[in-house]
Amino acid sequence: CLNPKEHSIPVRSKRNSPLKPRTGYKTIAMEKISIWQIPESDTIITTRVVNAPQDIVFKAWTHPVHLQNWWGPSGFTTIIDKYDQRPGGKWLFMIQAPDKTNYPNECTFVKIDPPAQVVWNHEGAPHEFQVEAFFESLAADKTRVVFKMKFTYSEECRKLRGIITEKNEENMDKLEGELARMMR
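A brief report on the enclosed structure follows. This structure is a prediction, so every number in the text was calculated from the model and none was measured. (Residues numbered from 1 in each chain as written. Predicted model: local features only at pLDDT ≥ 70, side-chain atom pairs only at ≥ 80, totals over all residues. Heavy atoms only, no water.)

Notes on the overall build of the chain
For the chain, the helix and strand inventory stands at three helices and seven strands. Excluding contacts between residues fewer than 6 apart, the proportion of contacts in the chain whose partners are at least 24 apart in sequence is 58%. Counting only carbon and sulfur atoms, one obtains 52% of the accessible surface of the chain, whose full area is about 9,100 Å². (Helix = DSSP H or I, 4+ residues; strand = E, 2+ residues; numbered from the N terminus. Contact = heavy atoms within 4.5 Å. Areas by Shrake-Rupley, 256 points an atom, 1.4 Å probe, with all protein chains shown as cover.)

Description of the packing of aromatic side chains
Counted by the stated rule, this structure contains 17 aromatic pairs. Summarising the aromatic geometry, the rings of tryptophan 71 and phenylalanine 147 are spaced 5.8 Å apart at their centres and angled 55° between planes, so their arrangement reads as tilted. Highlighted residues: tryptophan 71 in the loop between helix H2 (64-70) and strand S2 (77-83) and phenylalanine 147 in strand S7 (residues 142-151), separated in sequence by 76 residues. Classification of phenylalanine 147 by relative accessible area gives buried; the value is 1%. For the pair tryptophan 91 and tryptophan 120, a centre-to-centre distance of 5.2 Å together with 85° between the ring planes defines the contact as edge-to-face. With a gap of 29 residues between them, tryptophan 91 in strand S3 (residues 90-96) and tryptophan 120 in strand S5 (residues 117-123) connect regions that are remote in the sequence. When sorted by exposure, tryptophan 91 lands in the same class as tryptophan 120, which is buried. Through successive ring pairs, a cluster of aromatic residues spans Phe58, Trp61, Trp70, Trp71, Tyr83, Trp91, Phe93, Phe109, Trp120, Phe135 and Phe147. (Phe/Tyr/Trp six-rings, centres within 6.5 Å; stacked < 30°, edge-to-face > 60°. Buried < 20%, exposed > 50% of the residue type's maximum accessible area, 1.4 Å probe, protein only.)

Description of the pattern of salt bridges
The final tally for this structure, using the stated rule, is twelve salt bridges. Residue glutamate 136 pairs with arginine 144 through a salt bridge whose shortest N-O separation is 2.7 Å. What makes arginine 144 partly exposed here is its relative accessible area of 29%. (Salt bridge = Lys/Arg side-chain N within 4 Å of Asp/Glu carboxyl O.)

Structural notes on helix H1 (residues 54-62)
In terms of burial, H1 is a largely internal element, seven of the nine residues being buried. All of the buried residues along H1 are Gln54, Ile56, Val57, Phe58, Ala60, Trp61 and Thr62.

With respect to unusual backbone geometry
Looking along the chain, the bond that leaves proline 114 and enters proline 115 is cis, with omega of -10°. Note that proline 115 resides in the loop between strand S4 (102-113) and S5. Its identity is not glycine, yet lysine 100 carries a phi of approximately 75°, on the positive side. Along the chain, lysine 100 falls in the loop between S3 and S4.

Here's the deal with the layout of surface pockets
It is a probe the size of a water molecule, rolled over the atoms, that shows where empty space is left. Here the largest pocket defines a volume of roughly 670 Å³. Residue lining of the largest pocket: 27 residues in total, with Pro73, Ile95, Asn105, His127 and Ile164 positioned closest to the centre. Broken down by secondary-structure element, the contributors of at least two residues to the lining of the largest pocket are S3, S4, S5, strand S6 (129-139), S7 and helix H3 (154-182). Looking at the lining of the largest pocket element by element, the count peaks at six residues for H3. (1 Å grid on protein atoms, 1.4 Å probe; cavity = no way out; pocket = protein on both sides within 12 Å on 5 of 7 lines; lining within 4 Å. Points joined across faces, edges and corners; volume = space filled by probe spheres on them.)

Next comes the structure, spelled out in structure tokens:
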């Protein structure tokens with residue numbers, strides 16, 4: 001498998017959209033390489049217990065060869081352009097909808113703590129948020145995944161909560177399929 005610390009997929013496109021507070025919204029400290037302290041009311045949390053060891057779950061979340069197989073809602077395809085997994089490193093990818101509409105995404109890694117945690121900032125339009133994913137070993141073949149999406153703007157979180165909650169469950173279903181393939 002690929003070593004994500006050394007792996008970088010060639011960039012197909014470049015975007016420069018630094019994380020900045022919008023005017024008219026609450027101001028918080030949004031340093032690129034820090035874990036945001038966001039109220040739980042502005043956080044969408046998805047939790048799932050999966051039938052896989054913690055190290056395999058971490059690998060599914062942090063190796064592009066696996067991540068591209070499950071990241072994104074049901075019916076969507078993920079195309080990874082760049083994956084530089086280190087604090088400050090970039091993850092650039094396109095999520096393609098079933099109707100072939102492309103949604104570019106840019107993320108900056110904040111923290112990688114194998115095999116327990118990965119944190120990144122999703123930057124730029126249309127949504128800015130931080131993902132914190134925790135992997136807790138419950139048994140040799142069971143891991144609790146806690147997937148937090150922390151929004152800097154209450155209104156944006158409120159508006160997206162219903163659809164994101166549903167789509168994150170689809171993401172977790174796809175993750176379980178990839179874990180099953182990885183353990184064969």
